Amino acid sequence: MGNLPRRIRLMFALTGVLIAGGIALTWLLNPFGATRSRLIDPIFRRIKRERLATPYMLRVAQPETILLGSSRVLMGMRIEQGERDGVMNAAIKGATLKQISRIVDVALLNPRLKRIIWGVDFFAFSTHWKFQDPAFDARIADDPAMRLEDTLLSLDALGDGFDLFKRSLRGRSRLKATVTAAVPWPMELICNEYVNDRMDGLDVGTPKQIAIQLHQIWYLYRRYEFSQAQLELFRDTAQRIRAHNVELLLFVPPMSEYELELIRQSGHWGDLETFKRALVTTGPFYDFAAYNEMAPRDEYYLQVIHFKAAPGHQIMRMLLGADAPTCNEDARIVAQSALRVDAASIDRVLTAEAQMRDRASAQDSRYSRAAAEALRYSKAEMTAGDSDESNSGER
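Novice: How do you make sense of the overall build of the protein when you look at a structure like this?
Specialist: Each helix and strand counted, the protein has 17 helices and 7 strands in total. Compactness check: the protein gives a C-alpha radius of gyration of 24 Å against a globular reference of 21 Å for 395 residues, within 12% of the reference. Counting only C-alpha atoms, the protein reaches 90 × 70 × 45 Å along its principal axes. Classification of the 395 residues of the protein by burial places 51% in the buried group. Considering only contacts within the protein whose residues lie at least 6 apart along the sequence, 81% involve residues at least 24 apart. Total accessible area on the protein stands at roughly 18,600 Å², and carbon and sulfur atoms take up 54% of it. Across the protein, the centroid of the 52 positively charged side chains sits 7 Å from that of the 49 negatively charged ones.

Have a look at this one:
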């Protein structure tokens with residue numbers, strides 16, 4: 001019994017040493033890019049939790065170029081490490097305009113920032129697209145307690161740190177070219193990826209899988225109402241960017257024909273045009289969201305809503321004004337699908353896009369059938385839900 005107090009003190013001391021060791025190790029391994037430690041080459045980093053890592057990396061990386069948007073940009077202009085070659089992908093899944101605006105506030109603190117490339121989403125301008133994420137809000141505000149918990153006292157951080165260490169032991173030669181190549185990717189790599197990435201994504205999706213995906217993204221448009229308040233928030237954010245002498249490059253990301261049909265058949269095509277007319281009042285942009293040659297090319301898409309990294313990096317090159325030779329048919333299609341829109345061309349562009357829509361919708365395609373079935377299923381589900389509520393009230 002006499003040794004009990006001493007044992008307790010030793011246990012507490014050992015616990016303290018273990019915690020301190022874990023904190024030091026996590027700081028050194030730096031899996032989220034949240035510290036300035038470069039013990040492990042950042043080329044081996046793999047960001048899996050972008051809503052956690054992005055707020056911290058923004059303050060440390062100090063990139064010259066930042067990519068903004070939703071999961072479309074996050075996945076379609078993929079940078080596995082989050083930041084490479086002075087380009088940081090700060091897009092987050094399900095991004096709201098308010099969250100993007102907060103990201104911009106932090107990004108503008110970086111004196112090295114030269115440009116922002118923003119993939120502007122139609123769905124983000126809806127009155128109803130404004131869900132809350134208190135954890136993200138705390139991180140983007142650099143709350144000290146949240147930072148400590150996320151980056152130093154987290155088992156997830158420690159686990160990701162060990163994964164980073166193991167990848168570094170395997171060596172750089174084991175990494176794919178898409179992980180180590182310059183950002184944006186060189187055209188030779190892009191054209192190779194168009195070939196290598198075949199049969200991996202939407203092009204091998206079964207009708208059942210596509211139906212599930214359409215049902216999952218229907219929530220983006222089911223209650224869509226174009227919001228003037230969201231537009232004002234977007235305009236204010238764009239003005240702040242330009243006031244800091246940072247170049248702002250805007251584009252509307254590609255949509256598969258499945259998604260375009262969902263928008264058209266649900267009666268929201270007019271809202272899409274309203275969105276584009278509003279967007280051009282803020283500045284010129286490149287429009288890829290149309291029934292262009294890209295839309296029915298399933299091999300360009302990971303899922304109904306996400307385009308692949310090869311077309312994404314080619315689009316990045318185009319926006320940056322880099323030479324983008326059309327080295328194969330895929331690259332040619334992406335290049336020709338870009339429509340530059342400004343105040344002088346908006347009417348002409350929307351007329352051309354409406355004509356493309358009408359030609360496509362006149363066909364009895366798998367896209368129109370899949371969208372129609374998804375809408376029928378959703379309406380039946382909503383009707384059943386209303387009926388259940390009514391019956392519940394009667395009882």
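More follows now that the structure is in view.
Novice: What's the story with the sheet that holds strand 6 (residues 285–287) in this structure? I'm lost.
Specialist: Across a sheet, paired strands are connected by hydrogen bonds in the backbone, their directions being either parallel or antiparallel. Strands sit in the order 2-3-1-4-5-6-7 across an open sheet of 7 strands; the sheet is mixed. Each edge of the open sheet is held by one strand with a lone partner, namely strand 2 (83–84) and strand 7 (339–341). Of the pairings in the sheet, the one linking strand 1 (residues 65–68) to strand 4 (residues 115–119) comprises 4 bridges and is parallel in character. Looking across to strand 4, one finds that Leu67 is bridged to Ile117. Contacts between helix 4 (residues 97–107) and the sheet are confined to strand 1 and strand 4, with strand 1 contributing the most and set at about 170° to the helix. With respect to the sheet, helix 16 (residues 346–361) is in contact with strand 6 and strand 7, its orientation differing from that of strand 7 by roughly 140°.

Novice: Help me understand the layout of surface pockets, please; the structure alone is not making it clear to me.
Specialist: Where empty space is left can be seen by rolling a probe of water-molecule size over the atoms. Its volume calculated, the largest pocket comes out at about 830 Å³. What lines the largest pocket is a set of 36 residues, among which Arg46, Arg78, Ile79, Glu80 and Val179 lie closest to the centre. Breaking the lining of the largest pocket down by element, the ones donating at least two residues are helix 2 (50–61), helix 3 (71–76), helix 7 (155–170), helix 8 (177–180) and helix 9 (187–196). Sorting elements by how many residues they give to the lining of the largest pocket places helix 2 first, with 4 residues. Here the second largest pocket is characterised by a volume of approximately 360 Å³. Lining the second largest pocket are 19 residues, and of these Arg38, Pro42, Arg45, Ala61 and Glu83 sit closest to its centre. Mapped onto the lining of the second largest pocket, the elements with two or more residues apiece are helix 2 and strand 2. When residues in the lining of the second largest pocket are grouped by element, the largest group, 3 residues, is from helix 2. Within the lining of the second largest pocket, the residues separate by chemical class into 5 nonpolar, 6 polar and 8 charged.

Cut-offs applied
- Residues numbered from 1 in each chain as written.
- Predicted model: local features only at pLDDT ≥ 70, side-chain atom pairs only at ≥ 80, totals over all residues.
- Heavy atoms only, no water.
- Helix = DSSP H or I, 4+ residues; strand = E, 2+ residues; numbered from the N terminus.
- Rg over C-alpha atoms; globule rule 2.2 N^0.38 Å.
- Buried < 20%, exposed > 50% of the residue type's maximum accessible area, 1.4 Å probe, protein only.
- Contact = heavy atoms within 4.5 Å.
- Areas by Shrake-Rupley, 256 points an atom, 1.4 Å probe, with all protein chains shown as cover.
- Lys, Arg positive; Asp, Glu negative; His and termini not counted.
- Charge placed at Lys NZ, Arg CZ, Asp CG, Glu CD.
- Pairing = 2+ DSSP bridges.
- Axes fitted to C-alpha atoms, helices over the stretch in contact; angles between N-to-C directions.
- 1 Å grid on protein atoms, 1.4 Å probe; cavity = no way out; pocket = protein on both sides within 12 Å on 5 of 7 lines; lining within 4 Å.
- Points joined across faces, edges and corners; volume = space filled by probe spheres on them.
- Nonpolar A, V, L, I, M, F, W, Y, C, P; charged D, E, K, R; others polar.

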